[in-house]
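Tertiary structure, described
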Amino acid sequence: MNLAVKLRRNLRRLVILLATFCMVSVIVSAYYLYTGSAQELDLTDHGVGPDCAELRVLPFRPAELKMPKPMDPSRKDPVVLVFVESQYSQLGQDIIAILESNQFRYQAEIAPGKGDIPPLTHKGRGRYALVIYENVLKYVGMDAWNRDLLDKYCVEYSVGLIAFHRASENSQPTMHLKGFPLTLQTNVPLCDCCVNPRSPLLYVTRAEVDRGPLPGDDWTVFQSNHSTYEPVLLARSRLSADDANGRMVTGLQATVVQDLGLYDGVQRVLFGQGLGYWLHRLILVDAIAYLTGKKLSRSLERYILVDIDDIFVGKKGTRMKVDDVKALLETQNMLRTQISNFTFNLGFSGKFFHTGTQEENDGDDLLLKYVNEFWWFPHMWSHMQPHLFHNESSLMEQMILNKDFALEHGIPVDMGYAVAPHHSGVYPVHMQLYEAWKRAWGIRVTSTEEYPHLKPARYRKGFIHNHIMVRCCHVRPVAYSHTPSSTRNILEAQKSWTRASKEESFS
């Protein structure tokens, strides 16, 4: 009897211990599952938004990111070899435009079908630091001899390769990229593009989401189970549910992928469309920097100056009112949260002060009330183009009138910067303008968009004449309404300008 009681008691204790152990196990498992899930969804902590939290269910094998071998910039010249479809192809011209804008040396060649490629080495040194193919199919379709020659060169000299795939109406909906563990789905309309913050090639580009439909319906998306491929840009399909399920393009899809070189030793970046989408341009700049070991890259430091010419100038009914001035100041304060010490630079022509309607004159008064909130520069008293003045004394008279107006209304006169109306007289040089500027204002810096030619913009340069520095500028007309919504007009123009400033180099 005593033995039975003891067994019953011990069994009860054993059950309690087992139950306690099970509960602890459940709590511990739940904790690690939660923290693991939080790690996988860590993308939301980078400001990319909830749409990019699906990276763990991408059509790529979910594996821990393996860092590729660092690119060695030595033993090769900092030159890009570009294979284009023809000298007139749009994508080829876009690629070359970005290289020229960043002042990267390049050599353009028509992509050979079965012919030879140019010599890749000279006296034991590589001729090229990077290879770009406008059409990836021309690369994978090379004859075996030249393909083997190019790949061996890339491995031996640590040279990366960038290639693009542009779908057409005749493209197969699904295709396997010859020689690679990679599947392409073509002509997929996409929306809500996001940047993978885990991508090792990011340099200029920030990990955020660009919401809305992507331009065009001819996108190519990449799918693979090999760990060598890491998505860089991802977007959501806009296909209908039936279409998407039939083609396996649901959820986030990779539009740009990085080949880490784990498959054949060659590091590559593949694009699923051309450069019509602005994020592709940034990623191309990043890919060039990464694949050349930063040998072909530009500084991340940018100096942004936004001039707003013709303050006080304009016909009645078209000028700034009180709401516009307030919106201008609000926009400046908002931009300062992203750009340190950002300040609009206002160009004034004093003759036109208080020449609008009463509401517009009130706007003029409010501008002068906020005079210390902005920067100011002289823009000629009567907005006359300087080259129309044939002697220096006439120019001096106009400038002194504008300077007296500035002194009377507390506008700073010591900025050392001026802009001529329509950039007249800056280039081609009008000698009297430079002399009058120095005498009346002590000008040290001005700007033009005309040197050496107006177009293409990427060829514009600055110069120094008569000890005055002339910087290159880009003019963007902004539609400015008479409501607080005008803030959005300036902001959109500023967004576009700053994007361009990261795509192109302004000399």
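Residues numbered from 1 in each chain as written. Predicted model: local features only at pLDDT ≥ 70, side-chain atom pairs only at ≥ 80, totals over all residues. Heavy atoms only, no water.

Pairing within the open sheet is parallel, and its 3 strands lie in the order β15-β16-β17. Each having just a single partner strand, β15 (307-311) and β17 (375-378) make up the two edges of the open sheet. Direction aside, neighbouring strands of the sheet carry axes that sit 30 degrees apart on average. As paired elements, strand β16 (residues 345-348) and β17 share 4 bridges and run parallel to each other. Looking at the pairing, asparagine 345 lines up with tryptophan 375 of β17. (Pairing = 2+ DSSP bridges. Helix = DSSP H or I, 4+ residues; strand = E, 2+ residues; numbered from the N terminus. Axes fitted to C-alpha atoms, helices over the stretch in contact; angles between N-to-C directions.)

Each neighbour pair has its own omega, and for tyrosine 451 with proline 452 the value is -10 degrees, a cis peptide bond. Secondary-structure assignment places proline 452 in the loop between β18 (445-448) and β19 (463-465). With a phi close to 55 degrees, histidine 423 is a non-glycine residue in the positive phi region. Looking at where histidine 423 falls in the secondary structure, it is placed in the loop between α9 (392-408) and α10 (431-441).

Where strand β7 (residues 174-176) and strand β8 (residues 183-188) come together, 3 bridges link them in antiparallel fashion. Its bridge partner lying in β8, threonine 174 is registered against glutamine 185. What sits between β7 and β8 in their antiparallel hairpin is a turn of 6 residues, with glycine 179 showing a positive phi close to 85 degrees. Pairing geometry for β8 and strand β11 (residues 219-223), over 4 bridges, is antiparallel. Bridging from a neighbouring strand, glutamine 185 pairs with valine 221 of β11.

This part is about the packing of aromatic side chains. In total, this model carries 21 aromatic pairs according to the counting rule given. Where tyrosine 434 meets tryptophan 437, the ring centres are 6.1 Å apart and the plane angle is 70 degrees; that geometry is what we call edge-to-face. In this pair, tyrosine 434 and tryptophan 437 both sit in helix α10, 3 residues apart, roughly one turn of the helix. Tyrosine 434 gets classed as buried once you look at its relative accessible area, which sits at 0%. Taking 4.6 Å as the distance between ring centres and 55 degrees as the angle between the ring planes, the aromatic pair formed by tyrosine 451 and phenylalanine 463 counts as tilted. Here the residue tyrosine 451 occupies a position in the loop between β18 and β19, and phenylalanine 463 occupies one in strand β19, the gap between them amounting to 12 residues. A residue is classified by how much of its surface remains accessible, and phenylalanine 463, at 16% relative accessible area, is buried. Taken together, the ring pairs connect Phe312, Phe348, Phe353, Trp376, Phe405 and Trp441 into an aromatic cluster. Sitting over the ring of tyrosine 157, arginine 75 keeps its end group 4.4 Å from the ring centre. Taking NZ or CZ as reference, arginine 458 lies 5.1 Å from the ring centre of tyrosine 459, over its face. (Phe/Tyr/Trp six-rings, centres within 6.5 Å; stacked < 30°, edge-to-face > 60°. Buried < 20%, exposed > 50% of the residue type's maximum accessible area, 1.4 Å probe, protein only. Lys NZ or Arg CZ within 6 Å of the ring centre and 35° of its normal.)

The first and last C-alpha atoms of helix α2 (residues 90-101) sit 16 Å apart over 12 residues, in line with the 16 Å expected at 1.5 Å per residue. For α2, the tally of buried residues reaches 10 of 12 residues, placing the bulk of the element in the interior. Two residues or fewer past α2, glutamine 103 is found with a positive phi of approximately 60 degrees. (Expected span 1.5 Å × (residues − 1).)

Turning our attention to the packing of α9 against α10. Orientation of α9 relative to α10, taken along the N-to-C sense of each, is 35 degrees, at an axis distance of 9 Å. Crossing of α9 against α10: the hand is right-handed. Across from Glu392, Leu395, Met396, Met399, Ile400, Asn402 and Lys403 in α9, the residues of α10 making contact are Gln432, Leu433, Glu435, Ala436, Trp437, Arg439, Ala440 and Trp441. Here the contact of α9 with α10 is built from residues that sort into 9 nonpolar, 2 polar and 4 charged. (Left-handed = near helix turned anticlockwise from the far one by under 90°. Contact = heavy atoms within 4.5 Å. Nonpolar A, V, L, I, M, F, W, Y, C, P; charged D, E, K, R; others polar.)

No statement about biological role is implied by the geometric values presented.
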